[in-house]
Amino acid sequence: MTERKALPETAEEPSEADRLRVLLRTPAYRKALVFSCLIGVPISLAAFWFLVGLHQLEHVMWADLPEALGWATPPAWWPLPLLATAGVVVGLVVTRLPGAGGHIPATGLHAGGASSAALPGVIIAAIASLPLGAALGPEAPLIALGGGLALLFRDLARAPATSQGTALLGAAGASAAIAAIFGNPLIAAVLLIEVAGVGGPQLFAVMLPSLLSSGVGALVFTGFGRWTGLETGSLAVHFPAPPSSLDTGDVVWSILLAVAIGVVVHLIIIGGRLAGAFVAAAPLPRTVICAIAAGGCAALYAVISGRTPEDVASSGQGTLAELAAHPHAWSVGALLAVLLFKAAAYALCLGSLRGGLVFPALFLGAAAGVLCSPLPGLGVVPAAATGMAAAAASALRLPVSSVALVVLVLGNAETIPVVILAAVAAFITTELLPTGPSAEPRRPRGDPAGTTATS
């Protein structure tokens, strides 16, 4: 008889649950959790006062100062000197300060690369851009502010700096800051998970089918519940909300509109990247040129529509609330004008000034939805919801965060199915389109490694 050779025993791979237990038992990770809890308080306070300062300064520039000079509303030319000033300040920050004031907004949101050395530039660039009329939002500077402050506190505490710890604390700080603008910690966590790219392409490969099937499933349950009058029971808490129900027209139009809006927003982002490439060759003078051009868009809009130039020269947060409250007060001409000029100013600011993509995209999507709402079988609220979800998903390339944001903004559970369908349709459409040119940030002076803060 021949002897059988014993097969070598192979070590069994630890499961994900075992890995999590090991991680939670690691003293360094537990210290990071405690530290993240502690820094959440000062970072949230800093983010709160940062947003208050931006809001107050914007009110001074666009309401108090014109009123003091004798105008009830800002005149049409008002954005030109303000945005020229913004262009000069941001251009100087890009060329003189570490971190270049943050990355170019046209490259999207980023969670990594924050540094405490870049904080002054990020704050100055945001203060110069947002209150003075940049068609950008405050969420990206908040991410940079939170991440940079977290690393600053780590350095002050003389905690060891490791690559894993830096990424962890940067994300924690960014989440604490970004929750201030959205008013919801869950949104901040979801946004940072997607921005950080946890799971890579596999994450999106799993999420998209899940999102799509959940949206279709919600439609089926909603439809059968209404048709049969029967209830299955659900783990949900119902709050009073305006009654609305989706029908076939809402669903069909939501998909078609999402594809069209996804294409248009993608073209706007490509325009922002082209503007970024134009600015990179000579940051100071060309930043001023792009900023003045954005101001010109706002001025032309005011002359043509007879409305305030602030509709174009702003993040869109306040105008979005006005549009939602009185959608029928906007004529077709005014909606077309604000879409055209806001999109142009948005693209110019994406490539030159500093800020975020979220709020202008939400406004453009809502305006496009309201403009298309007279289509047969399409309601105003589903149309606006579809537009916001599609525009956010196309601009951010973050479908789950886009759904969560729009649901939070609308506060209406009835529109969740079309929000999901629109976000998935726009995201897939955008991903299938040519990516266009890149707009890599210029390596700033004083930052030889090329590491820039996020903004």
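See above for the structure.
Residues numbered from 1 in each chain as written. Predicted model: local features only at pLDDT ≥ 70, side-chain atom pairs only at ≥ 80, totals over all residues. Heavy atoms only, no water.

(A) View of the overall build of the protein chain. Of regular secondary structure, the protein chain possesses 16 helices and 0 strands. A total of 455 residues make up the protein chain; the buried ones form 47% of that total. Summarising the internal contacts of the protein chain: among those between residues at least 6 apart in sequence, 79% fall at separations of at least 24. Total accessible area computed for the protein chain in this model is approximately 21500 Å², and 69% of it derives from carbon and sulfur atoms. (Helix = DSSP H or I, 4+ residues; strand = E, 2+ residues; numbered from the N terminus. Buried < 20%, exposed > 50% of the residue type's maximum accessible area, 1.4 Å probe, protein only. Contact = heavy atoms within 4.5 Å. Areas by Shrake-Rupley, 256 points an atom, 1.4 Å probe, with all protein chains shown as cover.)

(B) A look at the environment of R154. Relative to the helices and strands, R154 is located in helix α5 (residues 139-156). Taking relative accessible area as the criterion, R154 reaches 9% and is therefore assigned buried. Measuring from C-alpha to C-alpha, the distance between R154 and T166 comes to 9.0 Å, with 12 residues separating the pair along the chain.

(C) Local environment of the environment of M61. Structurally, the position occupied by M61 is in helix α2 (residues 27-68). C-alpha of M61 to C-alpha of W78: the two residues are 17 residues apart in sequence and 9.6 Å apart in space.

(D) Quick look at the nonpolar core. L142, F182 and Y346 are the most contacted members of the largest nonpolar core, which has 111 residues in total. The greatest single-element share of this core, amounting to 13 residues, is contributed by helix α12 (residues 332-352). In contact with Y346, other than residues within four places in its own chain, are A135, L136, I268, L357, P360, A361, L364 and A395. (Core = buried A, V, L, I, M, F, W, Y, C linked by side-chain atoms within 4.5 Å.)

(E) Seen up close, the packing of aromatic side chains. Across all of its chains, the model carries 4 aromatic pairs by this definition. Consider the rings of W71 and W77, whose centres lie 5.6 Å apart with planes at 80 degrees: the pair is edge-to-face. Measuring from ring centre to ring centre gives 6.0 Å for W71 and W78, while their planes differ by 65 degrees; the resulting arrangement is edge-to-face. A relative accessible area of 32% means that W71 is categorised as partly exposed. Over the face of the ring belonging to W330 we find R307, whose NZ or CZ atom lies 3.8 Å from the ring centre. (Phe/Tyr/Trp six-rings, centres within 6.5 Å; stacked < 30°, edge-to-face > 60°. Lys NZ or Arg CZ within 6 Å of the ring centre and 35° of its normal.)

(F) Layout of unusual backbone geometry. Backbone geometry at A100 places phi at a positive 55 degrees, although glycine is not the residue there. As for its position among the elements, A100 is in the loop between α3 (79-96) and α4 (119-129). A relative accessible area of 4% means that A100 is categorised as buried. With a phi close to 60 degrees, R397 is a non-glycine residue in the positive phi region. Mapping R397 onto the fold places it in the loop between α14 (380-396) and α15 (399-410). Residue classification places R397 among the partly exposed residues on the basis of a relative accessible area of 22%.

(G) Region of interest: the pattern of salt bridges. The final tally for this structure, using the stated rule, is 3 salt bridges. A salt bridge links R307 to E322; the shortest N-O distance between them is 2.9 Å. Here E322 lies in helix α11 (residues 317-325) and R307 lies in the loop between α10 (283-305) and α11, a separation of 15 residues in the sequence. E431 is the partner of R397 in a salt bridge, and the nearest nitrogen-oxygen pair spans 3.0 Å. (Salt bridge = Lys/Arg side-chain N within 4 Å of Asp/Glu carboxyl O.)

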